[in-house]
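Chain and residue survey
Okay, here's what each chain looks like letter by letter:
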Amino acid sequence: MLFIETDSPPPFYQEALTPAKRKQLDQWFIGHRTQQYYLKRFEQFDKQGYLSPKWHWAAFFVTFPWLLYRKRYMDAIVYSVAGWSFIQLNVAIVLVAFEFVAMSYVPDAYQMMTRIGIAAAIWLFWSFMVARWTDAYYYRMARREIADALDYYPRDEAAQKAHLRREGGVSLFGLGLGFGLFAFALVVIKVQFLPLIAKPKENAVLFDAYDITKTTQNKVAIVYGQTGHCPTDLPLEVDSPQISVRITAQTPAVEAADCVVTGTIHNVRFPIRYLNGQTLMFYHLPDSDTWRCTSSLNEKQAPAYCIAD
């Protein structure tokens with residue numbers, strides 16, 4: 001699509017056709033959907049005698065479904081294989097180069113967003129280039145199919161019409177298939193690939209939450225053992241901005257407790273925002289030296305040794 005001839009006259013142009021006959025053939029190929037738009041574009045290319053970039057919104061946002069919608073099935077396959085592979089190759093090359101050259105200067109909190117921004121910028125540039133040449137591409141397809149129809153059926157107008165309607169027009173099935181494949185890809189990313197990124201981040205946050213909360217509980221236990229009272233005013237030093245710890249004498253979660261150390265997770269970002277608000281809680285039972293642990297985390301997330309404490 002990006003490597004279209006800009007010769008004069010445009011490729012497959014049939015000079016012998018009258019304007020009325022050419023318009024009729026264009027109408028058969030385009031179909032009823034957005035016919036006036038494409039007729040206007042085709043007339044512009046015919047008059048100027050060469051192909052030039054125009055803007056096409058559908059191709060900018062949903063190129064693959066648009067190709068299937070316009071029955072460009074083979075071109076859709078080539079675009080999805082070669083085009084997307086080309087984008088991915090460029091993204092990989094730029095990201096690797098940026099990692100070595102400049103990523104060390106980016107704060108840790110913004111590194112993931114920087115990577116996403118680089119990939120998005122490359123994708124947007126590709127979409128921009130495709131959108132500029134889509135009308136020229138579709139014009140070329142129309143002129144090629146019209147040339148084939150005239151060559152195959154030089155005196156059979158009905159056969160020409162049938163050929164152009166078969167090769168042109170639109171396909172609602174193709175449009176649905178295109179968006180269906182996009183939905184399938186998003187599901188695969190969410191189910192298969194997103195957890196690969198989220199799991200290490202989740203483990204790191206959960207480890208910090210347990211370590212910080214447990215360390216605080218050990219300090220509280222020492223003071224409690226010496227004074228017999230819960231040190232709710234004990235000064236706390238928590239290094240992590242994602243973990244907050246508080247000491248209370250009671251909690252609704254465990255009514256029998258007389259001293260509770262609660263660690264709460266907050267300020268975590270995508271893809272582990274589901275951890276925000278989750279807690280680890282160490283509590284002391286009266287007339288006992290026992291400290292126990294409970295958590296709002298599910299069985300897979302909560303540390304196994306938490307319950308054992």
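Being a predicted model, the structure only gives us computed values, none of them experimental.

**Quick word on the state of the cysteines**
For the structure shown, the criterion picks out one disulfide. Here Cys230 engages in a disulfide with Cys259; their sulfurs sit 2.1 Å apart. Measuring the twist about the S-S bond at about 60°, one finds the Cys230-Cys259 disulfide to be right-handed. Of this pair, Cys230 sits in the loop between α7 (172-227) and β1 (243-248) while Cys259 sits in strand β2 (residues 259-265), and the two are 29 residues apart along the sequence. Each member of the pair, Cys230 together with Cys259, is buried.

**Focus on unusual backbone geometry**
The omega torsion across Phe270 and Pro271 is 10°, close enough to zero to call that bond cis. As for its placement among the helices and strands, Pro271 is situated in the loop between β2 and β3 (279-284). At Lys71, a residue that is not glycine, the phi angle is positive and equals roughly 65°. Within the secondary structure, Lys71 sits in the loop between α3 (57-69) and α4 (73-101). Unusually for a residue other than glycine, Asn267 sits at a positive phi of about 60°. Looking at where Asn267 falls in the secondary structure, it is placed in the loop between β2 and β3.

**Describing the packing of helix α1 (residues 19-30) against helix α5 (residues 108-152)**
Where α1 contacts α5, the axes come no closer than 10 Å and their chain directions differ by 110°. On the basis of the axis angle, α1 is roughly perpendicular to α5. Here α1 contributes Arg22, Leu25, Asp26, Phe29 and Ile30 to the contact with α5, which in turn contributes Tyr138, Met141, Ala142, Arg143, Glu145, Ile146 and Leu150. Here the residues of the contact of α1 with α5 sort into eight nonpolar, no polar and four charged.

Calculation criteria
Residues numbered from 1 in each chain as written. Predicted model: local features only at pLDDT ≥ 70, side-chain atom pairs only at ≥ 80, totals over all residues. Heavy atoms only, no water. Disulfide = S-S within 2.5 Å. Helix = DSSP H or I, 4+ residues; strand = E, 2+ residues; numbered from the N terminus. Buried < 20%, exposed > 50% of the residue type's maximum accessible area, 1.4 Å probe, protein only. Axes fitted to C-alpha atoms, helices over the stretch in contact; angles between N-to-C directions. Parallel < 35°, antiparallel > 145°, perpendicular 65-115°, else oblique. Contact = heavy atoms within 4.5 Å. Nonpolar A, V, L, I, M, F, W, Y, C, P; charged D, E, K, R; others polar.

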